[in-house]
Structures are given as structure tokens and as C-alpha cells.
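The residues making up each chain are set out below.
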Amino acid sequence: IAATGRFGPWRRRAPGATPLEGAFTFENADLSVFKGISGVLHAKGTFGGRLDRISVDGQTETPDFMVNLSHHPVPLTTTYHAIVDGTNGNTTLEPVEARVLNTTITAAGGVYEVEGVKGRVVRLDVGIEDGRLEDVLRMAVPTDKPTMLGGLQLHTSMTIPPGPQDVVDKLQLDGRFAIERGRFTDPGVQQKINELSQRARGRSSENVAQAGRVESDFAGQFR
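Just so you know, these numbers come straight off a predicted model, no measurement behind them.

Draft legend 1. The arrangement of the overall build of the protein chain in detail. Looking only at helices and strands, the protein chain features 4 helices and 12 strands. For 223 residues, the compact-globule formula gives about 17 Å, and the C-alpha radius of gyration of the protein chain, at 22 Å, lies well above that figure. Taking all 223 residues of the protein chain together, the buried fraction comes to 36%. Nonlocal contacts in the protein chain, meaning residues at least 24 apart in sequence, comprise 46% of its contacts between residues at least 6 apart. When the accessible area of the protein chain is evaluated, it comes to approximately 13500 Å², of which 54% is carbon and sulfur surface. Computed over 25 positive and 27 negative side-chain charges, the separation of the two mean positions in the protein chain equals 2 Å.

Draft legend 2. Summary view of the side chain of Ser216. Tracing the backbone through its elements, the reader meets Ser216 in strand β12 (residues 216–222). In this structure, Ser216 is in contact with Ile179, Glu180, Arg181, Gly182 and Ile193, ignoring residues within four places of it in sequence.

Draft legend 3. Examining unusual backbone geometry more closely. Across the junction of Gly8 and Pro9, the peptide omega takes the value 10 degrees, indicating a cis bond. Geometrically, the link from Glu94 to Pro95 is a cis peptide bond, its omega value of -10 degrees lying close to zero. Tracing the backbone through its elements, the reader meets Pro95 in strand β7 (residues 91–100). For His71, which is not a glycine, the phi torsion comes out positive at approximately 65 degrees. A positive phi is found at Leu101, a non-glycine position, where the angle reads about 55 degrees.

Draft legend 4. A look at the pattern of salt bridges. Scanning the model with the defined rule gives 4 salt bridges in all. With a closest N to O distance of 3.4 Å, Asp174 and Arg223 form a salt bridge. Note that Asp174 is positioned in strand β11 (residues 172–184) and Arg223 in the segment after β12, a separation of 49 residues in sequence. What makes Asp174 partly exposed here is its relative accessible area of 34%.

Draft legend 5. Quick peek at the nonpolar core. In terms of nonpolar packing, the biggest core is built from 36 residues, with Phe65 and Ile105 touching the most fellow members. The element contributing the most residues to this core is strand β10 (residues 148–160), with 5 residues. Ile105 has contacts with Val96, Glu97, Ala98, Val100, Val126, Gly127, Ile128 and Met139, leaving out every residue within four places of it along the chain.

Rules behind the numbers
- Residues numbered from 1 in each chain as written.
- Predicted model: local features only at pLDDT ≥ 70, side-chain atom pairs only at ≥ 80, totals over all residues.
- Heavy atoms only, no water.
- Helix = DSSP H or I, 4+ residues; strand = E, 2+ residues; numbered from the N terminus.
- Rg over C-alpha atoms; globule rule 2.2 N^0.38 Å.
- Buried < 20%, exposed > 50% of the residue type's maximum accessible area, 1.4 Å probe, protein only.
- Contact = heavy atoms within 4.5 Å.
- Areas by Shrake-Rupley, 256 points an atom, 1.4 Å probe, with all protein chains shown as cover.
- Lys, Arg positive; Asp, Glu negative; His and termini not counted.
- Charge placed at Lys NZ, Arg CZ, Asp CG, Glu CD.
- Salt bridge = Lys/Arg side-chain N within 4 Å of Asp/Glu carboxyl O.
- Core = buried A, V, L, I, M, F, W, Y, C linked by side-chain atoms within 4.5 Å.

Written as C-alpha cells, this is what we have:
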């Protein structure tokens, strides 16, 4: 980490009120210290305010971000505004905008200490408004190609409690999703969908080849 700026004057009676400002770069941060993910992160930004409420604006680049479950590295970039309490390390994110391939993800929440527990809890509200299902599956599923293609809307709460477990094993989600114009990449599965669509229209399954690919809409909740 390289930082330049100003700190002080020191407020002896109220250290948290000490002013500061500056800029930073953060290079070659190894994300594999968090079990379950990997990649090398680079970041830069500016900060200012007082020690107990530091306003930070920055950008990050991780060209090889990977959820280890999938074995697929993907480029991840973010821009963010955060409030950091320099007296205890608690960080409020308001918000983060991340981009993975052709999908933009927004998140707001924070990283907070937990009384009596080593480590910190991550609590976020996550949203995807006009994303691609195949981009999300690329991060999460180990198949060579995504099982489905289509538009994606998703909203979920996300909690990662402290502890030594793999991120994937302790990740807690509670949300809803909608897939628009989805289709399966497995020809055999898509053929069954096409046949089902033709029968629902009262047509013979022999006409499937002429019907083209049937696109499907899905929506639901997950926890």
C-alpha cells in the first residue's frame, strides 16, 4: 500500500476527530487469503474526513477473480464509495458497483466487527437489473460452458459470517430472481423444451425443427 496525504493536528481529547486526507494505491493484493475465492486485486482512490469517519472513493481491478468452486477466472472491476471508521475498521459501502463480463452488480451494506468473535461479518444488499445469466453461472458453476443463456434480474441479501470456513460454505442468501428469454445450451434439454412448447400449442412434435429455439421465462425465490 502506498499513501500520500495529510494527518492532523492530533486531537488528544477526541482522537477520532483528527482530520486527514490523501490518496492511495493498493497493489498485488492476494484474495486467496479468503478461503473460497482467489485473484490479484489492484486498487486506487482518495480519502478524507476525520479518523472515525473517513470517506473513501476508489476503483479496483481484479483480472483473474475466481470463485474456486467454478474454476473459471473472470475479470472483475469495481467503483465504490465507502465510509471507514479508522478507530475500529468498520466499513460501510454505499454503494459498490461491480462489473463481471457483461453484467453490472450493485451492492450496499458493510463489513463490521462482531463482539466476542474473531473476524468480521459482511452484510450486503445485492442487485442485478439487466444482467446476463451466463455471466453469473460462469462464476459459480464448474461446467465448461454455462447451462443456460438469458437475461437476468436478481435481488438478494447476502451475509458472510466470520470464521475459517470456505466462503461458499458459509455464504447466506435470501432473494428473488427472474430469467428472461432463457434457453438451455444442452441441445437435448432444449429439444425437450421445444417439444413441450409445441404440444402446449396443440402442434405435433414433428414441427419442432421448424419452430426454432423456444425461449423461456423463469422467476422465483431462493434461500
